[in-house]
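Tertiary structure, described
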Amino acid sequence: MIRCEELFDVFERNEITFFTGVPDSTFKDWMKYLAANHGKKLTNIASCNECEAVALAAGYHLATGKIGVVYMQNSDFSLRSGSLFDPHAHDDRLAGGAWESR
């Protein structure tokens, strides 16, 4: 298994230092690593749900042009990705960096 430091080194080499997601015991070692290094080498924002985490990462990207990481469990990805990628699930669209109502 890869150590947290090795995983972060891969992210850091690619200038990826923004992390967000719902804290979970499945990732307890990764959660500890993010908490211990928040504000030093990286930014970690705990979110209430996976959709909020995706919104935070999207906002980070729009504001900085950089990539953020959203961590979630496999079971949550299948539940959340359906609504995230379904054009009929939302009445708003992102156009030119600002939300525009249809």
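In the block above lies the structure referred to throughout.
The present account deals with the structure reproduced in this document. Quantities reported herein were computed from a predicted structural model and do not represent experimental measurements.

Time to look at the pattern of salt bridges. Taken as a whole, this structure holds two salt bridges when the rule is applied. The residue E5 makes a salt bridge to R3 at a minimum N-O spacing of 3.4 Å. Between E6 and R3 there is a salt bridge whose closest N-O contact spans 3.9 Å. Looking at E6, the relative accessible area reads 35%, which means it is partly exposed.

It is worth spelling out helix α2 (residues 28-37) at this point. Those residues of α2 not exposed but buried are W30, M31, Y33, L34 and N37. Taken around the axis of α2, the buried residues stretch over an arc of 160 degrees, which confines them to a single face. Of the residues in α2, the exposed ones pointing more than 90 degrees away from the buried face are K32 and A35. Of the residues one or two after α2, G39 is the one with positive phi, at around 85 degrees.

A few words now on the side chain of T20. For T20, the position within the fold is in strand β1 (residues 18-21). The exposure class assigned to T20 is buried, which follows from its relative accessible area of 0%. Looking at T20, its side chain comes within polar contact range of the main-chain oxygen of I45, at 2.7 Å.

Take the sheet that holds strand β3 (residues 68-71) next. Taken together, the three strands give an open sheet; going across it, the order is β2-β1-β3, and neighbouring strands pair in parallel fashion. Edge positions in the sheet fall to β2 (43-46) and β3, since each has one partner strand and no second. Averaged over all pairs of adjacent strands, the angle between their axes in this sheet comes to 20 degrees, without regard to strand direction. With four bridges joining them, β1 and β2 adopt parallel strand pairing.

This paragraph deals with the packing of aromatic side chains. Tallying each qualifying case throughout the model produces eight aromatic pairs. Seen from their ring centres, F8 and F19 are 6.1 Å apart, and the 45 degrees between their planes marks the pair as tilted. Taken together, the positions of F8 in helix α1 (residues 4-13) and F19 in strand β1 put the pair 11 residues apart, joining distant regions of the chain. What makes F19 buried here is its relative accessible area of 0%. When the ring of W30 is compared with that of Y33, the centres are 5.7 Å apart and the planes differ by 10 degrees; the resulting orientation is stacked. Of this pair, W30 and Y33 both sit in helix α2, three residues apart, which is roughly one turn of the helix.

What counts, and where the lines are drawn
- Residues numbered from 1 in each chain as written.
- Predicted model: local features only at pLDDT ≥ 70, side-chain atom pairs only at ≥ 80, totals over all residues.
- Heavy atoms only, no water.
- Salt bridge = Lys/Arg side-chain N within 4 Å of Asp/Glu carboxyl O.
- Buried < 20%, exposed > 50% of the residue type's maximum accessible area, 1.4 Å probe, protein only.
- Helix = DSSP H or I, 4+ residues; strand = E, 2+ residues; numbered from the N terminus.
- Arc of directions from axis to C-beta.
- Polar contact = N/O pair within 3.5 Å; in protein donor to acceptor, adjacent residues only side chain to side chain.
- Pairing = 2+ DSSP bridges.
- Axes fitted to C-alpha atoms, helices over the stretch in contact; angles between N-to-C directions.
- Phe/Tyr/Trp six-rings, centres within 6.5 Å; stacked < 30°, edge-to-face > 60°.

Just geometry here; none of it tells us what the structure is for.
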